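Each chain, written out:
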Amino acid sequence: MDHEKPQAVSHHIIEYGSGEMSRSTDYSDLQHGRTPSIIELDEVERVEETHERRGEHVWRVLNERQINMIAFSGTIGNGLFLGSGRTLSRAGPGGAVMCYILMGTVMSSVMSCLGEMTALMPVNAPVMEFPRRFLDRGVGFAVGWMYWFAYVIIAADELVAVSQSVRFHYDDGKTFLQWTVGQDVDPVVWISLFLVLVVVINMFPVKYFGEFEYIFGCIKITFIVMLIVLMLILATMQPRASAYYDVAPGTKYWNAPYGFFRNSFQVKNEDGEVQRLITGGVGTFLGVWTGIINSIFSYVGMDIVAATAAESKSLSNSESMKMAARKISLRIVTLYTFAMLAGSFVVPYDHPFINGGGQSVGSHSIFIIAVVEAGIPSAAHFFNAVFVFSAFTCAINSTYVASRVLYTLALQGQTGPDFITRRLKRCHNGVPIRAVLVTCSLMLIGYMGRTGAPGQRMNELASNCVVSCLIVFIIICATYLCFFRTLEDVKLYGNNSEAQAACYDRNHPRYPYKSHGQWLKAAYGCFACVVLVIFNGIKAFLQNPFSSREFVAQYISVPVFILLIIGYKLRKHGIKLQNWRPERSNDLRNTVQVTSETRKGRLEFPDNAFFTKENGITFARWLWVWIK
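About the cut-offs
- Residues numbered from 1 in each chain as written.
- Predicted model: local features only at pLDDT ≥ 70, side-chain atom pairs only at ≥ 80, totals over all residues.
- Heavy atoms only, no water.
- Helix = DSSP H or I, 4+ residues; strand = E, 2+ residues; numbered from the N terminus.
- Expected span 1.5 Å × (residues − 1).
- Bend = angle between axes of the 7 residues up to and from the residue.
- Phe/Tyr/Trp six-rings, centres within 6.5 Å; stacked < 30°, edge-to-face > 60°.
- Lys NZ or Arg CZ within 6 Å of the ring centre and 35° of its normal.
- Salt bridge = Lys/Arg side-chain N within 4 Å of Asp/Glu carboxyl O.
- Buried < 20%, exposed > 50% of the residue type's maximum accessible area, 1.4 Å probe, protein only.
- Core = buried A, V, L, I, M, F, W, Y, C linked by side-chain atoms within 4.5 Å.
- Contact = heavy atoms within 4.5 Å.
- Lys, Arg positive; Asp, Glu negative; His and termini not counted.
- Polar contact = N/O pair within 3.5 Å; in protein donor to acceptor, adjacent residues only side chain to side chain.

### Some remarks on helix H5 (residues 84-120)
Working step 1: Its 37 residues give H5 an end-to-end C-alpha distance of only 36 Å, which falls more than 12% under 54 Å, the value for a rise of 1.5 Å per residue.
Working step 2: At Gly92, H5 is bent by approximately 120 degrees, the largest bend along its length, and proline Pro93 sits one to four residues beyond.

### What to know about the environment of Asp184
Working step 1: Relative to the helices and strands, Asp184 is located in helix H8 (residues 180-184).
Working step 2: Spatially, the C-alpha atom of Asp184 lies 8.4 Å from that of Arg167, the residues being 17 residues apart in sequence.

### Section: the packing of aromatic side chains
Working step 1: With the rule as written, the count across this model stands at 34 aromatic pairs.
Working step 2: Each ring, one from Tyr258 and one from Tyr349, has its centre 5.7 Å from the other, and the planes form 90 degrees; the classification is edge-to-face. Linking Tyr258 in the loop between helix H10 (206-236) and strand S4 (264-268) with Tyr349 in the loop between helix H13 (318-346) and helix H14 (366-373), this pair joins segments that are 91 residues apart in sequence.
Working step 3: By the ring-pair criterion, three or more aromatic residues cluster together here, those being Phe81, Phe223, Phe382, Phe383 and Phe387.
Working step 4: Above the ring of Tyr214, the side-chain terminus of Arg65 is found at 4.5 Å from the ring centroid.
Working step 5: The residue whose ring lies beneath Lys174 is Tyr244, and the NZ or CZ to ring-centre distance is 4.7 Å.

### Brief notes about the pattern of salt bridges
Working step 1: In this structure the tally under the stated criterion is nine salt bridges.
Working step 2: Between Lys569 and Asp136 there is a salt bridge whose closest N-O contact spans 3.0 Å. Taken together, the residues Lys569 in helix H23 (residues 557-573) and Asp136 in the loop between helix H6 (126-134) and helix H7 (137-166) connect sequence positions 433 residues apart.
Working step 3: Classification of Asp136 as buried rests on a relative accessible area of 6%.
Working step 4: Residue Asp418 is joined to Arg422 by a salt bridge in which the shortest nitrogen-to-oxygen separation is 2.6 Å. With Asp418 and Arg422 both in helix H16 (residues 418-424) and four residues apart, the pair spans about one turn of that helix.
Working step 5: Look at Asp418 and you get exposed, because its relative accessible area is 56%.
Working step 6: What makes Arg422 partly exposed here is its relative accessible area of 39%.
Working step 7: Each of Asp136, Lys569, Lys572 and Glu583 takes part in one network of salt bridges that share partners.

### Points about the nonpolar core
Working step 1: Grouped together as the largest cluster of nonpolar side chains are 173 residues, with contacts concentrated most on Phe81, Met231, Tyr299, Phe367, Phe383, Phe483 and Phe561.
Working step 2: Sequence-distant contacts of Tyr299, that is, excluding residues within four places in its chain, are made with Thr75, Tyr100, Met103, Gly104, Met107, Ile332, Val333 and Tyr336.
Working step 3: In this structure, Val267, Ile278, Leu286 and Leu542 belong to the second largest nonpolar core, which totals five residues.

### Considerations on the side chain of Glu213
Working step 1: Inspection of the secondary structure puts Glu213 in helix H10.
Working step 2: Buried and unpaired, Glu213 has no salt bridge, with Lys220 as the nearest side chain of opposite charge at 6.4 Å.
Working step 3: Among the polar contacts listed, one links the side chain of Glu213 to the side chain of Asn397, at a separation of 3.1 Å.
Working step 4: With near-sequence residues (within four places) excluded, Glu213 lies in contact with Met69, Ile70, Ser73, Thr393, Ile396 and Asn397.

What follows is the structure in structure tokens.
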């Protein structure tokens, strides 16, 4: 169905394990006027699972709590712990908090788009499938490969972060801290060691993998909450005798002579030397802008919620997808904002270690700086150990996502020759072993990170990954706008039963996931990501001479994405440009409905009197739904 008329068809259950998705209801039922049965959530959840030890099937065994923590654990990495210092140094305390809030609104908009489409149509690899349906098949192909490449680079970047965090060295003239083992061992050894561990863990059956990730996620969320509380205590309590200051900082670094924003911007060359200083309003704007760009990397990974669809027990449970999308946005944006706010109270934006100084990437962390200057150097060792653990678990998550994307590309026959595709589809105990191995083989690019100044190669890898992810986010938002238009067009075609019409009516109480003003959010997310892609490499133009190396690192993903689309069109249509028009089906297959108008996550008290036992139980259940 490569035409643009929306296909308002019946509900379906997806059956995985083949390149094409087989459906439980034939489209001819509608053509002959027969009304297909409605498959609702309680029926979908009773679909029996078959777990083949060998075959082309992944196992649907992940539950809601595991999926939530896989996404959370995959997002929390060195972007916050090691990168927040750069944002603070460029934008100032208030500007840094604004950067995380603004980028949080963009990512929340993207997640709302992806969450609503996935809740209504729970398909395999929604990031790739929805662009194929509502934009163009070539765009879906290109997004799939960009998505895979982005997460391979993220995984490699996290391994570099691990190798550099292990080489912990902090020396400010008053306190000397060092991990001797990390300093004496070549980084290539650490990269190799943790790469092997990443491969081994990703070979585990996904049931055990999900439990590991749940534990990892709980550790991270506990640590971040503890970190926020500790920073607030350090900012307000009477300093220890060994602290670098005699009076609690409080809001000192937000007041004069510091201020809400940093009113200057340093232009540095590739060696980290300051070439010139831009002051005034322009300097403030450039500081905030580069702070926003720096904060993007911290948010990459929130989309993992949808990437786990094929292995989720709750694949067709739109309520689970709705709650997962909302919880990941709420948790990440809230924790990031409060962590940045708390850290800005105890570390000034002109601290030398976050402005190019420091002996290791760990010394660039505002949280390590804070505890050292508060007279608690032993906590710095603990923090750095958690940073190593955090980066390592992010590498595990990113490898998981990338391998599943490559596996899905193989299912769709988009991985080249048949002998390659056939092998990439093979699974053992529900794990696409060869897809994992191929993904990890490309992660060897992480060995580039053993050279250069501390964090230099890591920043270049992160920059390349950020642009790839921004392109994916643009496509998600653009896809939603086309999806929204398709829902509106369906109403004009009619010929649907009352039950079917309810599936496509966003105002119907059983519509799975509706976010108010969502098309405006999609437009905002799309516009913001386009602007970020265009101007993310502004530093290359400010340097003298022009930095071709940084320009390539920031923009290489754009021509690669275009070339992937062109390659798809050439392979399918040759050089007949008249056939290169958009190929989309606007297919609304695989829709589901919720079974009750009482929605999960919505607080509705049964009794009119507020303080009653039933209201208390209802409140406790509502709170648990959002916490678990």
